[in-house]
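# Observations on chain architecture
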Amino acid sequence: MSDAEQASDFDPTTQVDEFEPVDVFPSSEDMDLRPGADNCYKCTSCDTSCPVAEVDESFPGPKFQGPEQWRLKRGEDVDIDDSILSCSNCMRCDDACPSSVPLSQMHNTARGEYVEEHMDKKSIEYLRNRMLSNYRTLASIGSKVPRLANFVMGLGITGYLGEKIIGIPSERDVPEFATETFRQWFKKRGGSKVTNPDKQVAYFHGCYSNYNTVEVGKAVVRVFEEFGYEVLVPKQQCSGTPMFANGMLKDARREAEVNVRELGKAIDNGADVIASCTSCSMALRQEYPELFDIEGIEDLSEHTYEAMEFLRIHEDIHGAVREAEVDPQAFAYHAPCHARNQGLDRQAVELFRELDGAKIEDVGESCSGISGTYGWKSEKYETSMKIGAEMFDHMEHAEGEVGMTECPTCAMQMEHGTGYEIRHPLELLEQAVAN
C-alpha cells in the first residue's frame with residue numbers, strides 16, 4: 001500500500017484498541033508464567049523480529065528467553081540463563097507473536113529473577129546497571145548544579161574513567177542537564193494557565209523531559225492549553241522502564257507504587273494521564289499491570305495515553321494542523337519500538353503530512369538499537385550500533401537533516417549516529433498550533 005493510500009485510510013477518530021494484560025496464572029500469589037508458554041507453537045515470529053538476534057548470533061532469541069525457559073522450569077527447577085541480560089526490552093516480540101504469548105512479561109520476570117538470585121550485588125556490572133536504572137536519582141543531583149555537572153561530564157577524562165571503571169562507553173555523549181527543570185518552570189509560571197475542571201489532563205513528564213529536554217514538557221503544556229485543557233503535574237517518580245530492562249523489579253515497584261497512588265488521585269477527579277515518552281506510556285499501560293498487583297493499577301492503565309494519541313482521539317487535531325503553517329522544514333522520522341507496540345507508529349507521519357511547510361519522511365521500521373540503557377553499556381555498545389545502522393543509513397538518505405522521534409533515548413542514538421538535531425513531534429505541533 002502506498003503512503004497516499006495509507007493516509008487516506010487513516011481515521012483520526014479511531015482509538016487504538018485498549019491493551020488487555022494477560023492474566024496467565026491468576027490463582028497464585030507469586031507470578032508464574034509457565035502456563036503462558038503453552039500458547040507458543042514455535043513459529044519463530046518473535047525470533048525473526050528481534051533486533052538483537054539479527055546482529056548477534058550468540059543471542060538465543062526471545063522464544064528461548066520466554067516460553068522455552070518456562071517450559072524447562074515446568075519440568076525441573078533450572079536456573080535462568082544469563083543470556084536474558086542481552087535482551088534489550090524493545091518488546092517487538094510482543095507485537096510479532098500471532099498467539100499473544102506474553103513474551104516481554106516472561107522476559108521481565110526472568111530478568112528480575114536472574115538479577116535477584118544470581119547476580120553478584122557487589123559486581124561492577126550490577127552497580128553500573130543499578131546506576132543506569134536509577135537515572136532519576138543521578139539527574140536530581142546533577143540538576144542542582146547543572147552547569148558544573150555538564151562541564152564535568154563533558155570532559156574527556158570523565159568519559160575515559162567511566163568506561164574503564166564502570167563500563168559506560170566513552171563514545172557516548174552524556175546528555176546535558178537543563179539549567180531549569182520542567183517542574184521548576186511549571187511552578188514558576190504558576191501552573192497551568194487554563195482552569196477547566198471539565199477538561200483536565202495529568203502530565204506524566206518522566207525523567208528526561210524534566211531534567212534534560214525541558215522544551216518537550218513545555219510544548220506539552222502549551223499545546224494542551226491551546227485545546228482548552230487544564231494541565232496538572234502530579235508528584236511522580238520514574239516510570240520504571242530502565243529498571244524493567246535491568247531486572248531491578250523491586251526498584252520498579254517502589255516507583256510504581258508512588259505513580260499509581262499520585263496519578264490515581266488525578267484520575268479519581270476526572271483527569272486522564274498523558275505521557276510525552278512512549279516508553280513511559282508503555283510502562284503505565286502494559287508493564288505495570290503485567291508485573292505488579294497494586295490497588296488502582298488497572299485504572300491507571302485504562303486512563304493512560306501518549307500525549308498526541310490523546311489529542312487525536314479527543315480533539316480535531318488534524319483540522320487544527322491543516323489550518324496551520326510553519327516555516328519550510330523537512331524531518332526524518334523514526335517510530336520507537338514502544339510506539340509500535342502501542343499502535344502509534346504512523347500517527348506523527350500522518351498528522352504532519354497535513355501541515356503546510358513541513359515535510360516528514362518515515363525512515364523505516366528498524367530499531368534504533370539503543371533501547372534505553374542497553375546502548376549505554378560498553379559490552380552492548382557495538383551491538384547497539386549494528387542494530388541502529390539501518391536507521392542511520394535511512395536517515396542520511398532522507399531529505400530532511402533534522403530527526404524526529406518520541407523516545408528520548410532513540411533521539412540520543414539518532415543524534416549519535418548521524419549528527420542530526422532531533423526534535424519531538426510535540427515541539428513541531430506546538431510550533432503549528434500554539435504560537
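Residues numbered from 1 in each chain as written. Predicted model: local features only at pLDDT ≥ 70, side-chain atom pairs only at ≥ 80, totals over all residues. Heavy atoms only, no water.

### Considering the pattern of salt bridges
Side-chain pairs of opposite charge can arise where the charged atoms are in close proximity. Note the threshold: Salt bridge, as used here, is a side-chain nitrogen of Lys or Arg placed within 4 Å of a carboxyl oxygen of Asp or Glu. Segments assigned H or I by DSSP are reported as helices when at least four residues long, segments assigned E as strands when at least two residues long, and all are numbered from the N terminus. Burial status follows relative accessibility: with a 1.4 Å probe on protein chains alone, a residue under 20% of its type maximum counts as buried, one over 50% as exposed, and anything between as partly exposed.
Following the criterion strictly, the structure yields 22 salt bridges and no others. For E379, the salt bridge goes to R128, with nearest N and O atoms at 2.7 Å. Of this pair, E379 sits in helix 22 (residues 378-397) while R128 sits in helix 7 (residues 124-133), and the two are 251 residues apart along the sequence. According to the relative accessible area criterion, R128 is buried, its value standing at 3%. E430 is paired through a salt bridge with R222; the nearest N and O atoms lie 3.0 Å apart. Remark: R222 occurs in helix 13 (residues 214-226) and E430 occurs in helix 24 (residues 425-433); sequence separation between them is 208 residues. Judged by its relative accessible area of 10%, E430 falls in the buried class. A residue is classified by how much of its surface remains accessible, and R222, at 29% relative accessible area, is partly exposed. Overlapping salt bridges bring together R130, D251, R254 and E255 as one network.

### With respect to a nonpolar patch on the surface
Applied cut-off: What makes a patch is a set of residues exposed beyond 30% relative accessible area and free of salt bridges, joined within 9 Å when like-charged and within 5 Å when nonpolar (Val, Leu, Ile, Met, Phe, Trp, Tyr). Areas reported here follow the Shrake-Rupley algorithm with a probe of radius 1.4 Å; residue values treat only the protein chains shown as occluding.
There is a patch of nonpolar side chains on the surface, built from V145, L148, F151, V152, M153, L155, I157, Y160, L161, I165 and V174 and spanning about 980 Å² of accessible area. For the nonpolar patch, the elements supplying multiple residues, two or more each, are helix 9 (146-153) and helix 10 (156-166). The residue M153 is located in helix 9 in this model. The class of M153 is partly exposed, set by a relative accessible area of 36%.

### Section: the sheet that holds strand 6 (residues 356-362)
Test applied: Between any two strands, pairing holds if DSSP finds at least two bridges. The axes used here are C-alpha line fits, helices contributing only the stretch in contact, and every angle between their N-to-C directions lies in the interval 0 to 180 degrees. In this analysis, two residues are considered to be in contact whenever any of their non-hydrogen atoms come within 4.5 Å of each other.
The parallel open sheet is built from 4 strands, whose spatial order is 6-5-7-8. Only two strands of the sheet have a single partner each, and these edge strands are strand 6 and strand 8 (421-423). Here the average twist between neighbouring strands, direction ignored, is 40°. Pairing analysis gives 6 bridges linking strand 5 (residues 325-333) to strand 6, with the strands arranged parallel. For Y333, the partnering residue across the bridge sits in strand 6 and is D362. Its contacts with the sheet place helix 23 (residues 408-418) against strand 5, strand 7 (402-404) and strand 8, and it is angled at close to 155° to strand 8.

### Some details on the packing of aromatic side chains
One pair of aromatic rings is described through two measures. These are the centre distance and the angle between the planes. In plain terms, the rule: Put simply, two rings from Phe, Tyr or Trp (the six-membered ring, in Trp's case) pair if the centres are within 6.5 Å, and we call them stacked under 30 degrees between planes, edge-to-face over 60, tilted for the rest. Each ring is checked for a lysine NZ or an arginine CZ that lies within 6 Å of its centre and within 35 degrees of its normal; such an atom marks a charge sitting over the ring.
According to the stated counting rule, one finds 11 aromatic pairs in the structure shown. Taking the centre distance of 5.7 Å and the plane angle of 70° together, the rings of F224 and Y229 count as edge-to-face. Here F224 and Y229 have matching classes, each one buried. Clustering of aromatic rings is evident, with ring pairs tying together F182, W185, F186 and Y203. The side chain of K121 reaches across the aromatic face of Y126, ending 5.7 Å from its centre. Note that K199 overlies the ring of Y229, its terminal NZ or CZ placed 4.4 Å from the centroid.

### Side note on the side chain of T278
With respect to the helices, strands and loops of the structure, T278 is situated in helix 16 (residues 278-291). Using a relative accessible area of 1% as the deciding quantity, one classes T278 as buried.

### Thoughts on the confidence of the model for the protein chain
Applied cut-off: Values of pLDDT, ranging from 0 to 100, describe the predictor's confidence in every residue of the model.
For the protein chain, mean pLDDT is 91; residues scoring 70 or higher make up 91% of the total. Every residue in residues 2-8 is under pLDDT 50, and counting partners more than four places away or in other chains gives 6 contacts. Counting interchain partners and residues more than four positions distant, the pLDDT-below-50 stretch residues 23-29 has 7 contacts.

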